[in-house]
Amino acid sequence: MSSNHVTSTINGDQVEFLCQGDQTLLDALRDVVGLTGVKEGCATGDCGACSVILDGRLTCACLVLAPEADGSTIVTVEGLAEPDGLHPLQQSFLEGAALQCGVCTPGFLVAGKVLLDRNPDPSETEVRYAIAGNLCRCTGYDKIVRSILTAAAEMKEVAEAKEKV
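Residues numbered from 1 in each chain as written. Predicted model: local features only at pLDDT ≥ 70, side-chain atom pairs only at ≥ 80, totals over all residues. Heavy atoms only, no water.

> Is there a simple way to explain the overall build of the chain in this structure?
Of the regular secondary structure elements, the chain holds 5 helices and 5 strands. For the chain, the α and β elements follow one another from N to C terminus as β-β-α-β-β-β-α-α-α-α. For the chain, the C-alpha radius of gyration of 16 Å lies close to 15 Å, the compact-globule estimate for 165 residues. Judged by the C-alpha coordinates and their principal axes, the chain covers about 55 × 40 × 25 Å. For the chain, the proportion of its 165 residues judged to be buried stands at 41%. Partitioning the intrachain contacts of the chain with sequence separation of at least 6 by distance along the chain shows that 55% fall at a separation of at least 24. Here the chain displays about 8700 Å² of accessible surface, and carbon together with sulfur accounts for 50% of that area. Side-chain charges of the chain comprise 12 positive and 23 negative groups, with the mean position of each set lying 7 Å from the other. (Helix = DSSP H or I, 4+ residues; strand = E, 2+ residues; numbered from the N terminus. Rg over C-alpha atoms; globule rule 2.2 N^0.38 Å. Buried < 20%, exposed > 50% of the residue type's maximum accessible area, 1.4 Å probe, protein only. Contact = heavy atoms within 4.5 Å. Areas by Shrake-Rupley, 256 points an atom, 1.4 Å probe, with all protein chains shown as cover. Lys, Arg positive; Asp, Glu negative; His and termini not counted. Charge placed at Lys NZ, Arg CZ, Asp CG, Glu CD.)

Have a look at this one:
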């Protein structure tokens, strides 16, 4: 079977890799590119553990063939951190104990990032709707929701402080 050459921007870096035509983006990111933060939960797009941002859209990487990502921009959980430390969502999840086993956490973080990029001041209902495609088997969703709302408030505060300067 012949390999496909894929060139994508992944977490801000130009990345080239070879993959099989039937290989999922999830498998290519984990096994070829080495980004193991993307998790396989169900392999059917039902759990959200493999969520990535593909060309600005929240996407289950298990439902995309790797060759389809050629020319795309991809952000994984590894790409959320900022130069000076963790993304506010990541920090809020740590401080709010919004994770347990960690399988679902990357997907929730990526879904939260997409939400806050589009709506920096979401309501609790909007947060719950935005993460509805992500399943967690270990914890209730309240700590996750509170952590996303906390991060939104912190990010809003920082943005307002920058505007005053």
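> Sorry, what's going on with the pairing of strand 4 (residues 57-60) here?
Working note: regular strand, side chains alternate between the two faces of the sheet. By the bridge criterion, 4 bridges tie strand 3 (residues 51-54) to strand 4 in an arrangement that is antiparallel. Residue pairing in the sheet places L54 in a bridge with R57 of strand 4. Counted along the chain from strand 3 to the antiparallel partner strand 4, the turn is 2 residues long, and its residue D55 has a positive phi close to 50 degrees. (Pairing = 2+ DSSP bridges.)

> Would you mind going over helix 5 (residues 142-164) with me for this structure?
For an α-helix the count is 3.6 residues per turn, leaving residues at separations of three or four pointing the same way. The first and last C-alpha atoms of helix 5 sit 33 Å apart over 23 residues, in line with the 33 Å expected at 1.5 Å per residue. Where helix 5 is concerned, the buried positions are I144, V145, S147, I148, A151 and A152. Against helix 2 (88-95), helix 3 (105-118) and helix 4 (124-130) lie the buried residues of helix 5. (Expected span 1.5 Å × (residues − 1).)

> I'm lost on the sheet that holds strand 1 (residues 3-10) in this one. Help?
Sheet strands pair by backbone hydrogen bonding; their relative direction is either parallel or antiparallel. Reading across from one edge, 2-1-5-3-4 is the order of the 5 strands in this open sheet, with mixed pairing throughout. Among the strands making up the open sheet, the edge pair consists of strand 2 (13-20) and strand 4. For this sheet, the mean inter-axis angle between neighbouring strands, taken without regard to orientation, is 40 degrees. Across the sheet, helix 1 (residues 25-33) lies against strand 1, strand 2, strand 3 and strand 5 (73-75), angled at about 105 degrees from strand 2, the strand it touches most. Of the strands in this sheet, strand 3 and strand 4 touch helix 3, which is tilted by about 35 degrees from strand 3. (Axes fitted to C-alpha atoms, helices over the stretch in contact; angles between N-to-C directions.)

> Where do I start with the packing of helix 2 against helix 5 in this structure?
Helix-helix packing: each pair is described by the crossing angle between the helix axes and the interaxial distance. Running from amino to carboxyl end, helix 2 crosses helix 5 at an angle of 135 degrees, the nearest separation of the two axes being 8 Å. When the interaxial angle is binned, helix 2 and helix 5 end up oblique. The two elements helix 2 and helix 5 meet at a crossing, and its hand is right-handed. In this structure, helix 2 uses P88, L89, S92 and F93 to contact helix 5, whose residues at the interface are I144, S147, I148, T150, A151 and M155. Broken down by class, the residue content of the contact of helix 2 with helix 5 amounts to 7 nonpolar, 3 polar and no charged. (Parallel < 35°, antiparallel > 145°, perpendicular 65-115°, else oblique. Left-handed = near helix turned anticlockwise from the far one by under 90°. Nonpolar A, V, L, I, M, F, W, Y, C, P; charged D, E, K, R; others polar.)

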